[in-house]
Amino acid sequence: MTAAKNNPKPAAAPTSFQSPKGMHDVLPADQYAWDVVRDAVRRISEQYHFTRIDTTLLEPEQLFAQSLGASSDVVERQMFTLRTRGDDALVLRPEGTASIARAYIQHGLSQLPKPLRLYYIGSMFRYEQPQAGRFRQFTQAGFEVIGGDDDPMYDAQTILTTCRLMESLKLAKLIVKLNSIGCKTCRPVYRKKLVDFYKNRNSKSSTICKDCERRLTANPLRLLDCKNEACIEIKKNAPISLNSICAYCKAHFKGVLEYLDELNIPYVLDHYLVRGLDYYNRTVFEIFLDREDARGLAASTPDIALAGGGRYDYLMPLLGGRDTPAVGAAAGLERLVDVLKMLDLVRPSPLTPQLFLIHIGDLAKKKSLSIIELLRREGIDVGESLGKESLKSQLRAADKSRAHYALIFGQKEALEEGIIIRDLQTGAQETVPLTHVVHELRRRLK
Ligand code: HAM
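Just so it is clear, the model here is predicted, and its values are computed rather than measured. (Residues numbered from 1 in each chain as written. Predicted model: local features only at pLDDT ≥ 70, side-chain atom pairs only at ≥ 80, totals over all residues. Heavy atoms only, no water.)

Observations concerning the pairing of strand 4 (residues 89–92)
For the record, the criterion: Note on pairing: DSSP must find at least two bridges between two strands before they are called paired. Secondary structure elements are taken from DSSP: a helix is a run of H or I of four residues or more, a strand is a run of E of two residues or more, and numbering for both begins at the N terminus.
Pairing analysis gives three bridges linking strand 2 (residues 58–60) to strand 4, with the strands arranged antiparallel. Bridging across to strand 4, Leu 58 finds its partner in Leu 92. Pairing analysis gives four bridges linking strand 3 (residues 80–83) to strand 4, with the strands arranged antiparallel. Among the inter-strand pairings, Leu 82 is bridged to a residue of strand 4, identified as Leu 90. Hairpin remark: strand 3 followed by strand 4, antiparallel, with five residues in the connecting loop; positive phi at Asp 87, about 70°.

Remarks on the pattern of salt bridges
For clarity, the threshold we go by: A pair is scored as a salt bridge if a Lys or Arg side-chain nitrogen falls within 4 Å of a carboxyl oxygen belonging to Asp or Glu. Accessibility here uses a 1.4 Å probe with only protein chains present; expressed as a share of the type maximum, an area under 20% marks a residue as buried, one over 50% as exposed, and anything in between as partly exposed.
Here the structure, examined in full by the defined rule, presents 32 salt bridges. For Arg 214, the salt bridge identified is with Glu 76, shortest N-O distance 3.1 Å. With Arg 214 in helix 8 (residues 210–218) and Glu 76 in helix 4 (residues 73–77), the pair connects residues that are 138 residues apart, well separated along the chain. Overall, the relative accessible area of 35% leaves Arg 214 in the partly exposed class. Arg 134 is the partner of Glu 128 in a salt bridge, and the nearest nitrogen-oxygen pair spans 3.2 Å. Salt bridges linked by common partners bring Asp 73, Glu 76, Arg 77, Asp 211, Arg 214, Arg 215, Arg 222 and Asp 225 together as one network.

Some details on the side chain of Asp 423
To keep things clear, this is the line we draw: When charges are counted, neither His nor the chain ends are considered; positive counts come from Lys and Arg and negative counts from Asp and Glu. Residue contacts are counted whenever heavy atoms from the two residues lie within 4.5 Å of one another.
Structurally, the position occupied by Asp 423 is in strand 15 (residues 418–423). In this structure Asp 423 is buried but unpaired, with Arg 444 as the nearest side chain of opposite charge at 6.9 Å. If sequence neighbours within four positions are ignored, Asp 423 has contacts with His 404, Tyr 405 and Ala 428.

Quick word on helix 14 (residues 391–401)
Worth spelling out the cut-off: By arc we mean the arc of the directions from the helix axis to the C-beta atoms, nothing more.
The complete set of buried residues in helix 14 reads Ser 393, Gln 394, Ala 397, Ala 398 and Ser 401. When helix 14 is viewed along its axis, its buried side chains cluster within an angular range of 145° and face the same direction. Set apart from the buried face of helix 14 by more than 90 degrees, the exposed residues are Lys 392, Arg 396, Asp 399 and Lys 400. Contacts made by the buried residues of helix 14 are with strand 12 (355–359). In the segment just after helix 14, Arg 402 is the residue with positive phi, at about 60°.

Some points on the site of the ligand
This is how it is decided: We call a residue near a molecule or strand as soon as one heavy atom of that residue lies within 4 Å of the molecule or strand. We define a polar contact as two N or O atoms separated by no more than 3.5 Å, with the added condition that, inside protein, one atom must be a possible hydrogen donor and the other a possible acceptor, whereas residues neighbouring each other in sequence contribute only through side-chain atom pairs. Using a 1.4 Å probe, accessible areas were evaluated by the Shrake-Rupley method; residue-level cover was limited to the displayed protein chains. Only Asp, Glu, Lys and Arg are considered charged, only Ala, Val, Leu, Ile, Met, Phe, Trp, Tyr, Cys and Pro nonpolar, and every remaining residue, Gly among them, polar.
Taken together, 26 residues are adjacent to the ligand, and Glu 95, Glu 128, Glu 144, Arg 275 and Tyr 280 come closest. Within the side chain of Glu 95, one N or O atom sits 2.6 Å away from a nitrogen atom of the ligand. Protein burial of the ligand: of its 650 Å² of free accessible surface, 96% is covered by the chains. Partitioning the shell around the ligand into residue classes produces eleven nonpolar, eight polar and seven charged.

Topic: the side chain of Glu 413
Along the chain, Glu 413 falls in helix 15 (residues 411–416). Salt bridges are absent for the buried Glu 413, whose nearest opposite-charge side chain, Lys 412, sits at 5.0 Å. A distance of 2.9 Å separates the side chain of Glu 413 from the backbone nitrogen of Gly 410, its partner in a polar contact. Apart from the residues lying within four places of it in its own chain, the contact partners of Glu 413 are Ile 408, Gly 418, Ile 419 and Ile 420.

Structural notes on a nonpolar patch on the surface
Rule in force here: The patches reported here contain residues having more than 30% relative accessible area and no salt bridge. Joining distances are 9 Å for like charges and 5 Å for nonpolar side chains (Val, Leu, Ile, Met, Phe, Trp, Tyr).
On the surface, Leu 57, Leu 58 and Leu 82 cluster together into a nonpolar patch covering about 220 Å² of accessible area. Counting through the fold element by element, Leu 58 comes out in strand 2.

Section: the sheet that holds strand 3
Condition: For helices, the axis comes from a line fit to the C-alpha atoms of the stretch in contact; other axes are also lines fit to C-alpha atoms, and the angle between any two N-to-C directions lies between 0 and 180 degrees.
A sheet is described by the order of its strands in space; here three strands give the open sequence 2-4-3, paired in antiparallel fashion. Two strands bound the open sheet, and with one partner strand each, they are strand 2 and strand 3. Within the sheet, the average angular offset between the axes of one strand and its neighbour, ignoring direction, is 40°. On the sheet, helix 3 (residues 61–68) packs against strand 2, strand 3 and strand 4 and is oriented at approximately 70° with respect to strand 2.

Let's talk about the packing of helix 2 (residues 28–47) against helix 6 (residues 152–168)
Keep this limit in mind: The cut-offs work like this: below 35 degrees is roughly parallel, past 145 is roughly antiparallel, 65 to 115 is roughly perpendicular, and the gaps in between are oblique. Each crossing is labelled by how the near helix is turned from the far one, with a counterclockwise turn of less than a right angle marking it left-handed and a clockwise turn marking it right-handed.
Packing of helix 2 against helix 6 brings their axes to within 9 Å, and their N-to-C directions diverge by 135°. Viewed along their axes, helix 2 and helix 6 adopt a mutual orientation that is oblique. The crossing of helix 2 and helix 6 is right-handed. Of the residues in helix 6, those touching helix 2 at Ala 40, Val 41, Arg 43 and Ile 44 are Thr 161, Arg 164, Leu 165 and Ser 168. In terms of residue class, the contact of helix 2 with helix 6 is made up of four nonpolar, two polar and two charged.

Quick word on the state of the cysteines
Going by this rule: Whenever a pair of cysteine sulfur atoms sits within 2.5 Å, that pair is classed as a disulfide.
In total, this model carries zero disulfides according to the counting rule given. Here Cys 183 stays unpaired: no disulfide links it, and the sulfur of Cys 249, its closest cysteine neighbor, is 3.6 Å away.

Quick word on the environment of Ala 403
Within the secondary structure, Ala 403 is located in the loop between helix 14 and strand 14 (405–409). Residue classification places Ala 403 among the buried residues on the basis of a relative accessible area of 6%. Placed 272 residues apart in sequence, Ala 403 and Gln 131 show a C-alpha to C-alpha distance of 43 Å. Every residue in contact with Ala 403, bar those within four places of it in the chain, is listed here: Thr 352, Pro 353, Gln 354, Leu 355, Phe 356, Ala 398 and Leu 424.

Here's what the structure looks like:
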């Protein structure tokens with residue numbers, strides 16, 4: 001015998017595991033709210049003629065560096081990366097648009113009639129600092145309109161579809177914030193103005209944060225996204241893109257606004273909205289809940305975007321595809337579910353079985369299982385608490401279930417192949433042969 005066997009070490013206390021930071025289980029109590037939101041996404045997508053696409057959770061790392069931009073926050077700091085045993089560099093997708101562009105090129109979807117309208121619901125992963133409404137694993141529902149031309153009507157339609165999704169969830173008062181960040185030709189002009197402004201400003205009085213120092217050379221438009229208080233103050237005097245964009249982009253933006261007016265979708269211009277992903281051009285937008293109208297929201301609830309999107313005409317060529325104008329949006333479903341719950345807009349209706357089976361005695365219990373099975377196969381919804389033996393506790397369970405009828409199955413009934421149907425509201429009851437029970441129940445439940 002070894003020493004270890006003679007003196008076994010005390011067993012280590014079992015580890016209690018937690019879900020990873022920023023990642024959450026969806027417990028049964030919340031499934032109802034999730035179903036409401038997912039059903040709304042499916043319904044609205046069908047109504048607006050979007051067809052579903054599901055892409056892979058893992059993607060080549062390079063896909064996002066090439067599309068979102070190597071200097072975007074998502075690529076620089078927020079990717080969950082892994083190396084396979086075969087040494088492939090993969091990432092858990094941080095968003096859906098680049099994956100859809102990859103799939104569009106890979107599967108030759110440009111052969112399909114244009115524009116192609118696609119929608120998706122799926123998990124995304126970003127290594128963010130978790131806080132209210134910001135998670136490391138979250139779910140997006142997205143709409144993408146790909147191909148055709150760069151008609152501003154498609155931008156308006158995308159905004160419309162996203163707003164309709166929220167409205168169908170009774171989130172009627174929305175704020176659409178909108179901007180145009182120009183095209184390949186005019187954006188460099190704006191970028192230069194921005195850099196000049198920040199360089200001059202910086203040398204005079206207030207200084208920008210360390211991150212913005214870096215952004216100034218790597219990605220100047222992102223200076224406008226900074227949440228640092230000093231940087232927000234400086235931004236107030238920064239030049240705006242609408243004063244620098246070319247005539248074509250101005251006309252395009254005007255077109256988007258006119259379509260939104262026509263559709264009665266209110267919007268506000270946000271001159272400093274640039275969005276964090278590099279693939280955008282011209283229209284960018286974000287959708288918020290109007291807090292004035294959402295009084296159920298705690299004052300401490302942060303003002304977070306329920307959805308965001310924009311035009312991305314240059315994404316396909318960046319990934320090796322042909323020039324393909326496109327526009328899209330994605331909504332964060334955790335944020336929608338949270339808001340619906342906070343505003344008390346989703347309430348699960350308790351599952352009420354049509355009837356409840358009560359057994360008395362061992363023989364009846366044994367036979368009850370196959371009676372329940374027979375009824376369920378016939379599409380009759382039956383509740384039970386076969387694990388409870390006492391009549392009293394089963395009656396209590398039947399009462400709690402709010403079923404209209406009880407089926408009472410005792411020793412006598414089991415021997416005589418009958419069953420009692422009892423109306424729980426009137427107390428009237430009748431014994432029927434087991435062979436007739438489906439027919440009798442159907443008649444009553446009609
Ligand atoms: P995004 O603005 O990064 O855009 O994300 C869209 C929405 O996803 C946000 O408005 C928010 O509701 C939700 N979201 C983003 N990050 C988180 C997070 N860490 N935790 C919880 N919710 C989050 C995109 O991803 C683009 N792909 C949208 C798009 C589609 N543009 C064109 N087509």
